[in-house]
Amino acid sequence: MPDLSTASGLVAALNEGNRRALARVISHIENNDALAQPLLAALYPQAGAAHLIGVTGAPGTGKSTLVNGMALAFRQQGLTVGIVAVDPTSPFSGGALLGDRVRMRDLAGDPGIFIRSMATRGSLGGLAQTTADVVMTLDAAGFARVIIETVGVGQSEVEIASTAHTTIVVEAPGLGDEVQAIKAGILEIADIFAVNKADREGADRTVMALQMMLALGGTGHQQILHHGRMLPVDLPPAPPADGWTPPIHKTVATQNQGIAALVEAIEAHRGYLQHSGLRQTRDRLRAATELRMILRDLLLQRTLAAIPAADIAALVHAVAAREIDPYSAAQRLVARTTS
Amino acid sequence: MDRKIRILVAKPGLDGHDRGAKVVARALRDAGFEVIYTGIRQTPDMIAEAALQEDVDVVGLSILSGAHMALVPKVREALTTAGLEDVPLLLGGIVPDEDIPVLHQMGVRGVFGPGTPTGVIVDFIHNELREPL
Ligand SMILES: Nc1nc2c(ncn2[C@@H]2O[C@H](COP(=O)(O)OP(=O)(O)OP(=O)(O)O)[C@@H](O)[C@H]2O)c(=O)[nH]1
Ligand SMILES: [Mg+2]
């Protein structure tokens, strides 16, 4: 019996393909308990081979059904698939109803598949990091493709999807306002569009609306270049001028229509990222973003731990009373920890 | 630390109505649990696999077809095969009184009939997880 109570025991079991160990590791990381950090440290060097696929879009567009179909297609090619399905935590109760597995029942009983449902929980800004760590764990466990499903409503959900190598934005006809997605900034992160529920009326109109958006420009991951700007990043040469134009694929996920073409597009994009050097760019920018976020958290924790809470409260009070501005107050706190 | 109680809600067997199970799932969410809902027609192996992957603290079954005496031992066995013998099993549904002690012997920790107030189930789960098994 492997010892699943220690980090080294868990990692050893995970590397032998023990799925219970994998599930436990994910829980430790989600709970951010005492084992989380040693586990992440041990697993991080093992990861990096998986191709990460983000799937996002409005509620009910058919993301989970599509993920089910995509995973089946990958399995037919002999590729193993890890799936992370993220759903929102209720802000009222702190609980969550995670129902994406309902649409993934075709994947049951396949040892080449591992599905994990995740709630966003309350962690401010930490959601993207926790999800990235869970995805990294599946990567380290050897899954060739890792699919991340998030509901594309909040900023952080969009952010999670955009940290994948290939991001699929799922649209469906009949959602009413086509411009809604554009406002939320969701179109800009798409590498591939899926217009699902193409069996329904209005699918062609949705495709046309997207084509018009693409013709107007402004899509295709340009914004990713802003992500790592706070840390120096040694980037490979700029991508070739014949860049990637996000293709639009009509799908009927419930009838497995259009899925093969969608998966082909994913693989084509994967090839494009590799040949253009963009995969390296994205991986480095992700590393820079991750490091910056973790550094910020660490320094904040350290500062807060080094100064008596009463002193900080007094400064907060002074800022609120406009006796001091928040910038000077922050400077003062930082000065106290470095002197 | 951001620990949450995770519970799998599954409907084994062939009856296709899951309104009751969904009501319970929502109520458990509203009580602060992370509820993994898997839907209808789950085989014992599917339930055990989902419980393992999701690393749940509790497995809740909803059985309204009356087939609980046949289904429960199979689910319990599948959980044990998956190494999940320690995960408490709860049962919701229409269960005649005389079956309850037998179900307890089969390893079901709690049986809840229709209309059980959710608060009772929630308290039961909290107690179940507090006490060492
Ligand atoms: N007509 C039609 N229905 C579909 C299609 N794809 C999915 N559906 C249905 O749409 C509903 C929602 O599908 P899901 O896969 O759960 O959608 P989702 O985007 O994952 O939903 P959330 O995770 O709740 O945001 C289900 O009833 C599906 O059966 C499709 O191509 N055509
Ligand atoms: Mg879904």
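Relevant structure appears above.
Below: a short report on this structure. (Residues numbered from 1 in each chain as written. Chains lettered and ligands numbered in written order. Predicted model: local features only at pLDDT ≥ 70, side-chain atom pairs only at ≥ 80, totals over all residues. Heavy atoms only, no water.)

**Re the overall build of chain B**
Put simply, the rule reads: Helix and strand assignments follow DSSP, with helices taken as H or I runs no shorter than four residues and strands as E runs no shorter than two, numbered in order from the N terminus. Think of it in three bands: residues with accessible area under 20% of the maximum for their type are buried, residues over 50% are exposed, and the middle band is partly exposed, with areas taken using a 1.4 Å probe on protein chains only. Contact definition: two residues touch when any of their heavy atoms are within 4.5 Å. Per-residue accessibility takes into account occlusion by the displayed protein chains alone, with areas from the Shrake-Rupley method and a 1.4 Å probe. Charge assignment in this entry is limited to Lys and Arg as positive and Asp and Glu as negative, and neither His nor the chain termini are counted. To locate a charge, the coordinates of NZ of Lys, CZ of Arg, CG of Asp or CD of Glu are taken.
Helix and strand counts for chain B come out as 5 helices and 5 strands. Reading the helices (α) and strands (β) of chain B from amino to carboxyl end gives β-α-β-α-β-α-β-α-β-α. A principal-axis box enclosing the C-alpha atoms of chain B has dimensions of 40 × 35 × 25 Å. Considering chain B as a whole, with its 133 residues, one finds that 52% of them fall into the buried category. Summarising the internal contacts of chain B: among those between residues at least 6 apart in sequence, 68% fall at separations of at least 24. About 6,000 Å² of surface is accessible on chain B, with carbon and sulfur atoms providing 56% of the total. Within chain B, one finds 13 positive and 19 negative side-chain charges whose respective centroids are separated by 6 Å.

**A short note on the site of ligand 1**
All names here are of chain A. Note the following rule: Any residue with a non-hydrogen atom lying within 4 Å of a molecule or strand is treated as near it. The term polar contact refers here to a pair of N or O atoms within 3.5 Å; inside protein, the definition further demands a hydrogen-donor-capable atom paired with an acceptor-capable atom, and it admits residues adjacent in sequence only when both atoms are side-chain atoms.
Around ligand 1, the structure places 18 residues, and the nearest of them are Lys63, Ser64, Thr65, Asp199 and Ala253. Between ligand 1 and Asp199, the relevant distance is 2.9 Å, taken from a nitrogen atom to a side-chain nitrogen or oxygen of the residue. Per-element accounting of the shell around ligand 1 gives the leading share, 3 residues, to helix α4 (residues 63-76).

**A closer look at the pattern of salt bridges**
Rules: In the sections that follow, a salt bridge refers to a side-chain nitrogen of Lys or Arg positioned within 4 Å of a carboxyl oxygen of Asp or Glu.
Here the structure, examined in full by the defined rule, presents 21 salt bridges over all chains. In this structure, the salt-bridge partner of Glu54 of chain B is Arg101 of chain A, at a minimum N-O distance of 2.6 Å. Taken together, the positions of Glu54 of chain B in helix α2 (residues 44-54) and Arg101 of chain A in the loop between β3 (96-98) and β4 (113-119) put the pair across two chains. Note that Arg282 of chain A is salt-bridged to Asp191 of chain A, the shortest N-O span being 3.2 Å.

**Some thoughts on the packing of helix α2 (residues 19-31) of chain A against helix α3 (residues 36-43) of chain A**
Residue and element names in this part refer to chain A. Filter applied, for reference: Working convention: axes come from line fits to C-alpha atoms, limited for helices to the stretch in contact. Angles between N-to-C directions cover 0 to 180 degrees. Just so you know how the angles are binned, under 35 degrees is roughly parallel, over 145 roughly antiparallel, 65 to 115 roughly perpendicular, and the rest oblique. Crossings are classed by handedness, with left-handed meaning an anticlockwise turn of the near helix from the far one by less than a right angle and right-handed meaning a clockwise turn. The nonpolar class holds Ala, Val, Leu, Ile, Met, Phe, Trp, Tyr, Cys and Pro. Asp, Glu, Lys and Arg form the charged class, and all remaining residues, Gly among them, are polar.
The contact between α2 and α3 brings their axes to 8 Å, and the two run at 120°. With respect to α3, the axis of α2 lies oblique. The crossing of α2 and α3 is left-handed. Across the interface between the two elements, Val25, His28 and Ile29 of α2 pack against Ala36, Leu39, Leu40 and Leu43 of α3. Grouping the amino acids of the contact of α2 with α3 by side-chain chemistry returns 6 nonpolar, 1 polar and no charged.

**Digging into helix α5 (residues 118-130) of chain B**
Given 3.6 residues per helical turn, the α-helix brings residues three or four places apart onto the same face. All names here are of chain B. So the rule is basically this: One less than the number of residues in a helix, times 1.5 Å, gives the span that helix is expected to have. The reported arc concerns the directions from the helix axis to the C-beta atoms and nothing else.
An ideal rise of 1.5 Å per residue puts 18 Å on 13 residues; α5 measures up with 18 Å between its terminal C-alpha atoms. When α5 is considered as a whole, its buried residues turn out to be Ile121, Val122, Ile125 and Glu128. Taken around the axis of α5, the buried residues stretch over an arc of 130°, which confines them to a single face. Elements in contact with the buried residues of α5: β1 (6-12), α1 (19-30), β3 (58-63), β4 (89-93) and β5 (108-112).

**Examining the coordination of the magnesium ion (ligand 2)**
Residues and elements named next belong to chain A. Heads up, the rule is: Listed donor atoms are N, O and S within 2.8 Å of the metal (Na, K and Ca: 3.2 Å). As water is not included, a site may look incomplete.
Bound to the magnesium ion (ligand 2) on the protein side are Ser64 (OG), Asp100 (OD) and Glu149 (OE), at distances that span 2.1 to 2.2 Å. In primary-sequence terms, the residues that donate to the magnesium ion (ligand 2) follow S-x35-D-x48-E. Taken together, the positions of Ser64 in helix α4 and Glu149 in strand β5 (residues 145-151) put the pair 85 residues apart, joining distant regions of the chain. For Glu149, a relative accessible area of 3% puts it in the buried group.

**Overview of empty space enclosed by the protein**
Operational definition: The distinction between a cavity and a pocket rests on a 1 Å grid over the protein atoms alone: a 1.4 Å probe fits inside a cavity but cannot get out, while a pocket stays open yet meets protein on both sides within 12 Å along at least five of seven lines, and a residue with an atom within 4 Å of a point counts as lining. Grid points are joined across faces, edges and corners, and a volume is the space filled by probe spheres set on the points.
In this structure the tally under the stated criterion is 1 cavity of 30 Å³ or more. In this structure, the largest cavity encloses a volume near 110 Å³. Along its surface, the largest cavity is lined by Arg101, Met104, Arg105, Leu107, Ala108 and Ile115 of chain A together with Thr38, Gln42, Met46, Glu49 and Ala50 of chain B. Sorting the residues of the lining of the largest cavity by element identifies β2 (34-42) and α2 of chain B as the ones contributing at least two each. By residue class, the composition of the lining of the largest cavity is 6 nonpolar, 2 polar and 3 charged.

It is worth stressing that arrangement in space is one thing and function is another; only the former is reported here.
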